[in-house]
Amino acid sequence: TLTNKFVMYCRRVMSNSFYPVLRPAIGVGSAFEGWSPREQDVVYQVLIPTTPPRGHSFHLEMESAGQRRGRNVRIRVTQECTCSKEQQGKNTLCFLHHSEEELRNNQDPSLLHTLCTDSYLDMQKTARWLRQLLSTAWPALPQSHNWHLMLLPSTRSCQFMVSNGRQRHQIEMLFGVQQGNSDVFVSSQPWPYYTPSTIWPECYAVAEMKFFGYIARRAPPDSLHLKCLQFFTRLQRGLGFSTYTTKTIVMHLLNTLPSASWRRRHFVRRLIDISESLRRCLQARNLNHFIVGNQRLPARISLPPHIFTAEKYNLFHDLVRDPAAHAQAMSQYMDL
């Protein structure tokens, strides 16, 4: 509710600007999938889809070098002609066909001159813009009457805390561009290694959330699949295995085992399955991404063709290249 009030406010006050157009937020990640590895310190992630402002368009360009550590994209921003009669009714000057002096004196600057670097949308500039927007919009939001806003350090997303003396909630707003009409975006999600600020990773969080919704509709009333995931992620904390590794293994199991096998009486058996799956993947140095290249997904999950037909992406790629890292991971598994 808070983030969508924020989006509505921004759309109203920035309707004549040439900044990205914000769309209704989508809750993603563990908090919205029904589980959380940190029950006492939940982070609510929301993805805010965006479309280009009038007179602009987005073009997603895949970085071929990104296949090694993930699928990375650049968002190239181009200007389009707005000389049509429909656009003239909005008193919009054309960035392509009016002089620089006319544009400078009579119109807000182009997106290319505010949030871009070398014609590509810049993630850090966009994050700063979102933070400034939130800070400016907060007094006008109804939640400001009872809640206190505190912005948190972040360079590639907008992270903040709201509290009312009794409760507090940490929220992370991610900026996303949808790929066609699919459930795949490019977004400002956190990335574990350095990339230039014009590099945006592909984000599968919406597709994964829809998968958990699909499972929930088919699960028996006493299904503990989310408890298995939550329990195992807590069990392995501090041992070097990421939460996303465990989540990926559980999603693969949910997609292959009958829904009835996740009933309460099978709880320990399923935990053993998760552990054994992790061991096999470590030994083989291979854990396939759940979305990329997976042709066994439910039909209601919409993927762009290049994701559906892509080669399987190995999340344990670094273990293939680094024998020391593989030995350490096997040792950590023995500790687990």
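Residues numbered from 1 in each chain as written. Predicted model: local features only at pLDDT ≥ 70, side-chain atom pairs only at ≥ 80, totals over all residues. Heavy atoms only, no water.

Description of the domain arrangement of the chain
Worth spelling out the cut-off: Reported domain spans reflect what an automatic or database domain assignment gives. Note: buried area is the sum, over both parts, of the accessible area (probe 1.4 Å) each one loses when the two are combined. Salt bridge, as used here, is a side-chain nitrogen of Lys or Arg placed within 4 Å of a carboxyl oxygen of Asp or Glu. Whenever two N or O atoms come within 3.5 Å, that pair is a polar contact, provided that in protein one can donate a hydrogen and the other can accept it, and provided that, for residues adjacent in sequence, both atoms are side-chain atoms. Classes in brief: Ala, Val, Leu, Ile, Met, Phe, Trp, Tyr, Cys and Pro nonpolar; Asp, Glu, Lys and Arg charged; the others, Gly included, polar.
Split into domains, the chain comes out as domain 1 (2-204) and domain 2 (219-335). Between domain 1 and domain 2, the C-alpha centre-to-centre distance is 30 Å. Contact between domain 1 and domain 2 buries roughly 1800 Å² in total, counting both sides, with carbon and sulfur atoms accounting for 56%. Where domain 1 touches domain 2, the interface holds one salt bridge. The residue Lys247 makes a salt bridge to Glu33 at a minimum N-O spacing of 2.9 Å. At the junction of domain 1 with domain 2, the criterion picks out five residue pairs in polar contact (both at pLDDT 80 or more). Taken together, the residues of the side of domain 1 that touches domain 2 break down into five nonpolar, seven polar and eight charged.

Observations regarding the packing of aromatic side chains
Condition: Note on aromatic contacts: the rings of Phe and Tyr and the six-membered ring of Trp form a pair at centre separations within 6.5 Å, being stacked when their planes are under 30 degrees apart, edge-to-face when over 60 apart, and tilted otherwise. Helix and strand assignments follow DSSP, with helices taken as H or I runs no shorter than four residues and strands as E runs no shorter than two, numbered in order from the N terminus. Accessibility here uses a 1.4 Å probe with only protein chains present; expressed as a share of the type maximum, an area under 20% marks a residue as buried, one over 50% as exposed, and anything in between as partly exposed. Ring-over charges, as used throughout, are those where CZ of Arg or NZ of Lys falls within 6 Å of the ring centre and within 35 degrees of the ring normal.
For the structure on display, the rule yields six aromatic pairs. Where Phe231 meets Phe267, the ring centres are 6.0 Å apart and the plane angle is 75 degrees; that geometry is what we call edge-to-face. Residue Phe231 is found in helix H7 (residues 225-235), and its partner Phe267 is found in helix H9 (residues 267-284); the two are separated by 36 residues along the sequence. Judged by its relative accessible area of 42%, Phe231 is partly exposed. Here a set of aromatic residues connected by ring pairs shows up, and it is made of Phe211, Phe212 and Phe290. Residue placement shows Arg74 over the ring face of Tyr120; its charged tip is 5.6 Å from the ring centre.

Considerations on the pairing of strand E5 (residues 72-79)
Formally: Strands pair, by our definition, only if DSSP identifies at least two bridges between them.
Where strand E4 (residues 56-63) lies against E5, eight bridges are found, and the strand directions are antiparallel. Each residue of the ladder has a partner; that of Glu61, found in E5, is Arg74. By the bridge criterion, two bridges tie E5 to strand E12 (residues 200-203) in an arrangement that is antiparallel. Of the residues in E12, the one forming a bridge with Asn72 is Pro201.

Considerations on the state of the cysteines
Here a disulfide denotes one covalent bond, and it connects the sulfur atoms of two cysteines. As a reminder of what qualifies: In plain terms, two cysteine sulfur atoms within 2.5 Å form what is called a disulfide here.
For the structure on display, the rule yields zero disulfides. Left unpaired, Cys81 is separated from the closest cysteine sulfur, that of Cys83, by 3.6 Å. Owing to a relative accessible area of 44%, Cys81 belongs among the partly exposed residues under this scheme. With a relative accessible area of 32%, Cys83 lands in the partly exposed category.

Things to note about the nonpolar core
The line we're drawing: Remark: nonpolar core denotes a set of buried residues (Ala, Val, Leu, Ile, Met, Phe, Trp, Tyr, Cys) joined through side-chain atoms within 4.5 Å.
One finds Ile274, Leu278, Leu282 and Ile291 to be the most contacted residues of the largest nonpolar core, which totals 38 residues. Of all elements in the fold, only helix H6 (205-218), H7, helix H8 (243-256), H9 and helix H12 (323-335) reach the threshold of two or more residues within this core. Core analysis: the next-biggest nonpolar cluster, separate from the first, contains 36 residues, Cys10, Met14, Trp138 and Cys158 among them.

Considerations on the pairing of strand E8 (residues 148-151)
Bridge count between E8 and strand E9 (residues 158-163): four bridges; the pairing is antiparallel. Paired with His148 across the two strands is Ser163, which belongs to E9. Taking the residues that link successive antiparallel strands as the turn, the E8-E9 hairpin has six residues.

A look at the side chain of Arg270
Rules: Contacts between residues were defined by any pair of non-hydrogen atoms, one from each residue, lying within 4.5 Å.
With respect to the helices, strands and loops of the structure, Arg270 is situated in helix H9. A polar contact is formed between the side chain of Arg270 and the side chain of Asp273, at a distance of 2.7 Å. Excluding its chain neighbours within four sequence positions, the residues that come into contact with Arg270 are Cys228, Leu257, Ser261 and Trp262.

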